[in-house]
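Reading the structure
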Amino acid sequence: MIIKNADVYTQDNVFVKGDVVVDNGTFTKVLEAPDYVDNEVVDATGLKMIPGLVDIHFHGCKGADMCDGTKEALDIISRYEASVGVTSICPATMTIAKEELVEVMKNAGEYSYNGGAHLVGINMEGPFISPQKKGAQAAENIMHCNYEYFCELQKAAHDLIKIVDIAPEEPGAMNFIDKVKDNVVVSIAHTAADYDTAMEAIQHGVTHATHLYNAMPPMNHRKPGVIGAVRDSYQCHAELICDGVHIHPSVIRATFAMLGAGRIILIIDSMRATGLEDGEYTLGGQPVVVKGNLATLHDGTIAGSATNLMDCLRYVVKKAGISLETAVMCATENPAKEIGIYDKVGSISVGKQADFVLIDEELNIKRVYIDGKEKDNIIYSPCKGKVVPITEVSDPTFSEKVLGDGFAVIPSEGKIYAPADGEISMVFDTLHAVTMTTSQGTELLIHIGLDTVTLKGEPFISHVSGGQQVKKGDLLLEADLEKIKSAGLDTITPVLICNTDDYNKINLIKEGEVSIDDEVLKIS
């Protein structure tokens, strides 16, 4: 495969226009003219080619959590992460019961790759933390550093634990650092430590700070605390949650100036509500309320985020004023180096895995590749309702004549949402329909009703226009079901149909009852 005319993000952390050759899942030529003709050519004119993102601190997404301890949860997590440009994941555990955590580690250690992002490590966040700064961690499961227990967990995980978090002021912490520092990254986290204690821990072998500023004492001109210790220790790297909630843009800028880009790792610390609607969920067994990007316990304590790493990258560029080149480094190269996988991923370099993302000038994802293969093109349900073959709806004639076979969702409410990221092509007011092209090039028809074409005006409302960029979950169309029924029209059916060229590639993932967060079609 040849990717032509891309603005390629190089190992020198700059964009250079040129071509990249991928063969057998690895980069074989970067910014060199290919010496053979390849039938598969991707024209990336006008697009930027960046390494696949590396996410080393998040808990879950799409209703699944690392601590669910199931293969199904890891499948969901890896697929979602891939859909937002993350190609390598190192999800975090929580402070849960001892026996549960062993099972979670065992599940991850035995997990076999099933598509999506690669599981490359585990971030062990707890239970070796401070009760004073537990945040959303469960107090009853907090314990002092225990080397034997850690070894049990690492064995269960098949040595997949890459980062272990500790509060250095707690009994036994310094001795624990001495024992594990050569085999795992030790991070200061959820700590009430002062400057001197943090510096002592760093001298013993700590090289990482978990979500700097959060769950630790603030920096004061007389009491610099953990933040001051990290600043003074050039071997120590810091995570930043840049979701628009945890850290003010001014502090983001100040931190880049204070530490330098080479010591900063962008993270999201997301929980299972990421990619879902606002509502109540759980994190580490505790109830969490999610509204927008903000996730909180019932007492108001921030409980992680509900965003993804690509959104955080966009935020630091567009809101905090950090250069795109720097932001990409902090979401790819830096985290890959931190957990020891930079020899395989984290840059577009000859010999490395061909994990990369094509983005446009507005930093919208256009394509994601893992091991040189484009990730599955997933189409979500546009509404709550029931998925059926289009032949089972009451009047499929119109759609059969225009577009052929497909699938439909019989809605239980009148709000119709974008089933994928993409661009609205046209809006047909008389048909109460829109056509859109997804970010991966699949053409969809989404319309309300097969026998409602003669019902004009209300009760239909369009919320988009031609040429408009939309995100998955954006409101497209709206209808008043009661008004439709009162007009004697019983059928109101949003229809998702891929264009003719894609019919033989359609795979129906789910039939029956669905919500807007359920995957319905996979385009292979």
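Note: the structure precedes this text.
On a predicted model such as this, the values are computed, not experimentally measured, just so you know. (Residues numbered from 1 in each chain as written. Predicted model: local features only at pLDDT ≥ 70, side-chain atom pairs only at ≥ 80, totals over all residues. Heavy atoms only, no water.)

Details of the overall build of the chain
Secondary structure assignment for the chain yields twelve helices and 37 strands. Every one of the 524 residues in the chain was classed for burial, and the buried ones make up 58%. Across the chain, every contact between residues at least 6 apart in sequence was considered, and the portion connecting residues at least 24 apart equals 68%. Of the accessible surface of the chain, which amounts to about 20600 Å², a share of 48% is contributed by carbon and sulfur atoms. (Helix = DSSP H or I, 4+ residues; strand = E, 2+ residues; numbered from the N terminus. Buried < 20%, exposed > 50% of the residue type's maximum accessible area, 1.4 Å probe, protein only. Contact = heavy atoms within 4.5 Å. Areas by Shrake-Rupley, 256 points an atom, 1.4 Å probe, with all protein chains shown as cover.)

Quick word on the packing of aromatic side chains
Under the counting rule described, the total for this entry stands at five aromatic pairs. With centroids separated by 5.3 Å and ring planes inclined at 65 degrees, the aromatic side chains of F128 and F176 adopt a geometry described as edge-to-face. One end of the pair, F128, is in the loop between β11 (122-124) and α3 (147-156); the other, F176, is in helix α4 (residues 173-180), with 48 residues separating them in the sequence. In this structure, F128 and F176 share a single accessibility class: buried. (Phe/Tyr/Trp six-rings, centres within 6.5 Å; stacked < 30°, edge-to-face > 60°.)

Describing the packing of helix α8 (residues 309-318) against helix α9 (residues 324-331)
Helix packing for two helices is described by the angle between their axes and how far apart those axes are. Where α8 meets α9, the closest approach of the two axes is 9 Å, and the angle between their N-to-C directions is 150 degrees. Taken together, the axis directions place α8 and α9 in an arrangement best described as roughly antiparallel. Here α8 and α9 pass one another in a crossing that is right-handed. Together, L309, L313, V316 and V317 of α8 and L324, A327, V328 and A331 of α9 make up the contact between the two elements. (Axes fitted to C-alpha atoms, helices over the stretch in contact; angles between N-to-C directions. Parallel < 35°, antiparallel > 145°, perpendicular 65-115°, else oblique. Left-handed = near helix turned anticlockwise from the far one by under 90°.)

Some details on the pattern of salt bridges
Summed over the entire model, instances satisfying the criterion amount to twelve salt bridges. Among the salt bridges present, the one from K48 reaches E361, with a minimum N-O distance of 3.8 Å. Of this pair, K48 sits in strand β5 (residues 48-51) while E361 sits in the loop between β21 (356-359) and β22 (365-370), and the two are 313 residues apart along the sequence. Residue K48 is classed as buried on the basis of its relative accessible area, which comes to 13%. When the shortest N-O distance is used, the salt bridge between R231 and D232 registers 3.6 Å. (Salt bridge = Lys/Arg side-chain N within 4 Å of Asp/Glu carboxyl O.)

Things to note about the packing of α4 against helix α5 (residues 195-204)
Interhelical geometry of α4 versus α5 gives an angle of 25 degrees and a closest axis separation of 9 Å. Here α4 lies roughly parallel to α5, going by the angle between them. Helix-helix and strand crossings are classified by hand; for α4 and α5 the assignment is right-handed. Here M174, I177 and D178 of α4 come into contact with α5, specifically with T197, E200, A201 and H204.

A short note on the sheet that holds strand β27 (residues 415-417)
Strand pairing within a sheet occurs via backbone hydrogen bonds; the two strands may be parallel or antiparallel. Read from one edge to the other, the open sheet built from three strands follows the order β27-β33-β31, with strand pairing classed as antiparallel. Here the strands that pair on one side only, and so sit at the sheet edges, are β27 and β31 (460-462). Sheet twist, expressed as the average angle between the axes of neighbouring strands with direction ignored, equals 15 degrees. Looking at chain direction, β31 and strand β33 (residues 475-479) are connected through three bridges and run antiparallel. (Pairing = 2+ DSSP bridges.)

Section: the sheet that holds strand β13 (residues 185-188)
Strand order across the open sheet formed by six strands is β11-β12-β13-β14-β15-β16, with parallel pairing between neighbours. The outermost strands of the open sheet, each flanked by one partner alone, are β11 and β16 (264-267). Where strand β15 (residues 237-241) and β16 come together, four bridges link them in parallel fashion. Bridged to I241 within β16 is I267.

Details of helix α2 (residues 98-109)
With twelve residues, α2 extends 17 Å from end C-alpha to end C-alpha; this agrees with the ideal 16 Å at 1.5 Å per step. Taken as a whole, α2 has its buried residues at L101, V102, V104, M105, N107, A108 and G109. Against α1 (71-83), β10 (118-119), β11, α3 and β12 (161-166) lie the buried residues of α2. (Expected span 1.5 Å × (residues − 1).)

Let's talk about the side chain of T274
Within the secondary structure layout, T274 lies in the loop between β16 and β17 (279-283). With near-sequence residues (within four places) excluded, T274 lies in contact with G60, C61, K62, Y80, S305, A306, T307 and N308.

Details of the environment of C242
Within the fold, C242 resides in the loop between β15 and α7 (249-259). By relative accessible area, C242 is classed as buried at 0%. C-alpha separation for the pair C242 and I268, spaced 26 residues apart in sequence, amounts to 6.9 Å. When neighbours within four sequence positions are excluded, C242 is seen to be in contact with I252, L266, I267, C312, Y315 and V316.

Looking at the environment of T191
Among the secondary structure elements, T191 is positioned in the loop between β13 and α5. Under the relative-accessibility criterion, T191 is labelled buried at 0%. Along the backbone, T191 and K134 are 57 residues apart, and their C-alpha atoms lie at a distance of 7.9 Å. In contact with T191, other than residues within four places in its own chain, are S130, K133, A167, P168, E169, A215, M216, P217 and V226.

Structural notes on α4
Every buried residue belonging to α4 is among A173, M174, F176, I177 and V180, and all of these are buried. On an axial view of α4, the arc spanned by its buried residues comes to 160 degrees, and they lie on one face. Along its buried surface, α4 packs onto α3, β12, β13 and α5. (Arc of directions from axis to C-beta.)

Comments concerning a nonpolar patch on the surface
Side chains of V14, V16 and L31 sit close together on the surface and give an oily, nonpolar patch of about 190 Å² of accessible area. As for its position among the elements, L31 is in the loop between β3 (26-30) and β4 (41-43). Residue classification places L31 among the partly exposed residues on the basis of a relative accessible area of 35%. (Patch = residues over 30% accessible without salt bridge, like charges linked within 9 Å, V, L, I, M, F, W, Y side chains within 5 Å.)

Bear in mind that shape data such as this cannot, by itself, settle questions of function.
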